[in-house]
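# Observations on chain architecture
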Amino acid sequence: MEETPLRLLDTRDEYIAAYLEQLMAAESTIDICLCYIFARDPFVRYLLLDVLPFIVQQKSVRVRILIEQMVLEGEAIKMFFQGMQSMDTMTEGGRVDSSAANNNKSKKDADWLNSFRSKLPPNCPPFIKAEKAIHSSVGLIREVMKESSKYPHNPIHIKYWFARDKNSKYRIKSHVKCHVFDGNRARGMAVAGGSNFAPRCGSTDCDFLIGGRIANMYQQLFDKMFDSMAFLNPLNKSSKLDDSSSSVTTSTSSTLYSSNHSCPSSMMEVQDDFTPATAESRTREEQHLLFDLPSPVNNDKNTSKMTKIEWTDPSCKVSFLNSVPSSNGEDSILRCILGAIKTAEKSITMCMGHSNVPAVMRDTLAEASYRGVKVSLLMNSFYSCDLRNGQRDLFRSLMKLLEIAPSIELWVVTIPSRRGDYQGPLDSLVAPNEAPAFLHSKYVVVDSKWSAVGSWNLWTRAAFYEMEAEIFIHSTLVAASLEEKFDREKRQFATILQRPEDCIHYNPTGCSICHQFGPFFLDEGPTV
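Presented here is an overview of the structure given in this document. (Residues numbered from 1 in each chain as written. Predicted model: local features only at pLDDT ≥ 70, side-chain atom pairs only at ≥ 80, totals over all residues. Heavy atoms only, no water.)

### Concerning a nonpolar patch on the surface
Selection criterion: For patches, a residue must show more than 30% relative accessible area and have no salt bridge; joins then use 9 Å for like charges and 5 Å for nonpolar side chains, namely Val, Leu, Ile, Met, Phe, Trp and Tyr. Where accessible areas are quoted, they stem from the Shrake-Rupley method and a 1.4 Å probe; at the residue level, only the protein chains shown are allowed to cover. Salt bridges are counted wherever a side-chain nitrogen of Lys or Arg sits within 4 Å of a carboxyl oxygen of Asp or Glu. Here a strand is any run of E in DSSP of at least two residues, a helix any run of H or I of at least four, and the numbering for each starts at the N terminus.
A contiguous nonpolar patch, built from I77, F80 and F81 and spanning about 360 Å² of accessible area, is present on the exposed surface. Relative to the assigned elements, F80 resides in helix α3 (residues 69-82).

See below:
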């Protein structure tokens, strides 16, 4: 494990301030890997349209951005089926809003913008180009391309992650979120965790700022992913993303990449080096003896930039692990977390933005509770989660967990009027029956000293479909900060479920909130 400084970024304001500080201090490289782009967020527009062009104009800094292509294809496909004429008129969800919804979103957009602009650090460029209203990620990327084309050699390079499983040929999604600044230098820094560009307005997340060799490892992961995506001449209209791609995928690519930027010439097969874990490697990783990626040799010893930061822990021990999904269903991050839980003696604290508790985790948590370990979980519900089509599976798995381990403390995010056990003031930003905050955080704490934080969610998608990046931390200071966050957010947004049958109230059966997914919940629980 590497001894390295780490700072948890708990709030959106704290995240943005730390991010902009590192961005403006970058001297050679800025590398960004993300899954989603939320164009309505003023910070995202400001970063891409004002700050990055300002930096490449003032310094000789190379900027590379790797974007998950599947998300952009989703927008294009929704546009196609809705018969729309321009992507730039779509919302991020691919739907056309009613006028009432548009008015509500416009008010929220204005509130977000005013709040953000008032908190810009003094050394940052003014908020100018980002004033433009852009409602789709594709439209925003096009604007970035236009800005980059104004400078010699297009200093902002964009590629799109486009990969598949070698054996079964299905698509592999990059769920890795990292932002690396001067990552090949000794003083390199990385911002990573659950957020894409930043915690979304109206949600919470768990991110961190980290330096040292762990930042170098994030850089190496980014380099490997970015370099594996080939270039395609966008002016060649007959080019295809993959010879085996469907006509929908091919037509989508011609729509997305109509400017002079790169896109992959073929899908990457990500399982070339994959072999199932041996019993020996399983044992090693369950004891958290993780094998770190080698960091590059750096002669640059100037670490003054790191000493000015208020770290959560200036010398915690950290291991880095990225998982590569496959049709074998191997999830190395899950195995490491299971190994830590098996060693728990006092407490286990877990918050998951997206979850579907698999049997192996259910049984491991139950066994811990039988040993007298206090197990506390914090989960979203259909009131807060932005992916509602998995809620039935989540609450069926939670119901089973409470059946076999009734002593487990299960907190579920809900609307204020359902928080019967909470006596404090309601969130001033949420009316009694409006949607609460979406808890996008993903972290686990064991015995108040071991923590796991990153992009990984507790569900089978991480084993089969989504690449992830996670860090494992030995630090009582970091653990205490995460436990405080857990306690604060459970009381602010959640209620406790004490009986298995309580889960039925959060088990949707098909209603307006599930309309976009169809009538797929029909057999359990009341219609809500």
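Alright, that's what it looks like, and here's the rest.
### With respect to the pairing of strand β17 (residues 442-446)
What counts is decided by this rule: Remark: exposure states derive from per-residue accessible area (1.4 Å probe, protein chains only) relative to the maximum for the residue type, with buried under 20%, exposed over 50%, and partly exposed in between. A pair of strands is labelled paired if DSSP reports no fewer than 2 bridges between them.
The element β17 is largely enclosed, with a buried count of five among its five residues. Here β17 shows a buried face lined by K442, V444 and V446 and a second buried face lined by Y443 and V445. Relative to β17, strand β13 (residues 347-352) is paired through five bridges, and the arrangement is antiparallel. From the neighbouring strand, M350 faces β17, where its bridge partner is V444. As paired strands, β17 and strand β18 (residues 450-454) are joined by four bridges and run antiparallel to one another.

### Let's talk about the nonpolar core
Using the following cut-off: What is meant by a nonpolar core is a set of buried Ala, Val, Leu, Ile, Met, Phe, Trp, Tyr and Cys residues, joined one to another through side-chain atoms within 4.5 Å. In what follows, residue pairs with any heavy atoms lying within 4.5 Å of each other are defined as contacts.
One finds Y19, L23, I30, L52, I65, I158 and F197 to be the most contacted residues of the largest nonpolar core, which totals 51 residues. A total of ten residues in this core trace back to one element, the largest contributor, which is helix α2 (residues 42-58). Those residues in contact with I65, other than ones at most four positions away along the chain, are I32, L34, L48, L52, I156, H157, I158, K159 and F226. Formed by 48 residues, the second largest nonpolar core is a distinct cluster that contains A163, V176, Y218 and V318.

### A look at the pattern of salt bridges
One pass over the structure, following the stated rule, counts 28 salt bridges. With its nearest N and O atoms 2.9 Å apart, the salt bridge here joins K132 to E143. Here K132, found in the loop between α4 (99-117) and α5 (137-148), pairs with E143, found in helix α5; they are eleven residues apart in sequence, far enough to count as distant. Residue K132 is classed as partly exposed on the basis of its relative accessible area of 45%. In this structure E143 comes out as buried when scored by relative accessible area, which is 14%. Taken together, the shared-partner salt bridges in this structure form one network comprising D10, E484, K485, R488 and E489.

### Notes on helix α11 (residues 359-370)
Defined as follows: Helix span is expected to be 1.5 Å times the residue number reduced by one.
The end-to-end C-alpha separation of α11 is 16 Å, in line with the 16 Å expected for twelve residues at 1.5 Å each. Among all positions in α11, only M361, R362, T364, L365, A366, A368 and S369 are buried. Buried positions along α11 lie against α10 (332-342), β13, β14 (374-379) and α12 (391-404). Looking one or two residues past α11, G372 carries a phi angle of roughly 95°, positive in sign.

### Considering the packing of aromatic side chains
Threshold: Note on aromatic contacts: the rings of Phe and Tyr and the six-membered ring of Trp form a pair at centre separations within 6.5 Å, being stacked when their planes are under 30 degrees apart, edge-to-face when over 60 apart, and tilted otherwise. For a ring to carry a charge above it, either NZ of a lysine or CZ of an arginine must fall within 6 Å of the ring centroid while also lying within 35 degrees of the normal to the ring plane.
Enumeration over the complete set of coordinates arrives at 15 aromatic pairs. The interplanar angle of 45° and the centroid separation of 4.6 Å between the aromatic rings of F382 and Y383 together place this pair among those described as tilted. Residue F382 shares its accessibility class with Y383, and that shared class is buried. Relative to F472, the ring of W450 lies with its centre 5.7 Å away and its plane at 25°, an arrangement referred to as stacked. Of this pair, W450 sits in strand β18 while F472 sits in strand β19 (residues 466-474), and the two are 22 residues apart along the sequence. Under the relative-accessibility criterion, W450 is labelled buried at 3%. Look at F472 and you get buried, because its relative accessible area is 1%. Each residue in the set Y15, Y19, F43 and F181 is aromatic and connected to the rest through ring pairs, giving one cluster. We note R64 situated over the ring of F226; from NZ or CZ to the ring centre the distance is 4.9 Å.

### Some remarks on the side chain of S137
Inspection of the secondary structure puts S137 in helix α5. The contact partners of S137, leaving out residues within four places of it in the chain, are I37, A39, L72 and E75.

### Thoughts on the environment of I309
With respect to the helices and strands, I309 occurs in the loop between α9 (304-307) and β12 (313-323). Overall, I309 belongs to the buried group, its relative accessible area being 9%. Residues I309 and A18, 291 residues apart in the sequence, show an inter-C-alpha distance of 9.0 Å. Once residues within four sequence positions are removed from consideration, I309 is found in contact with R7, Q22, M189 and L209.

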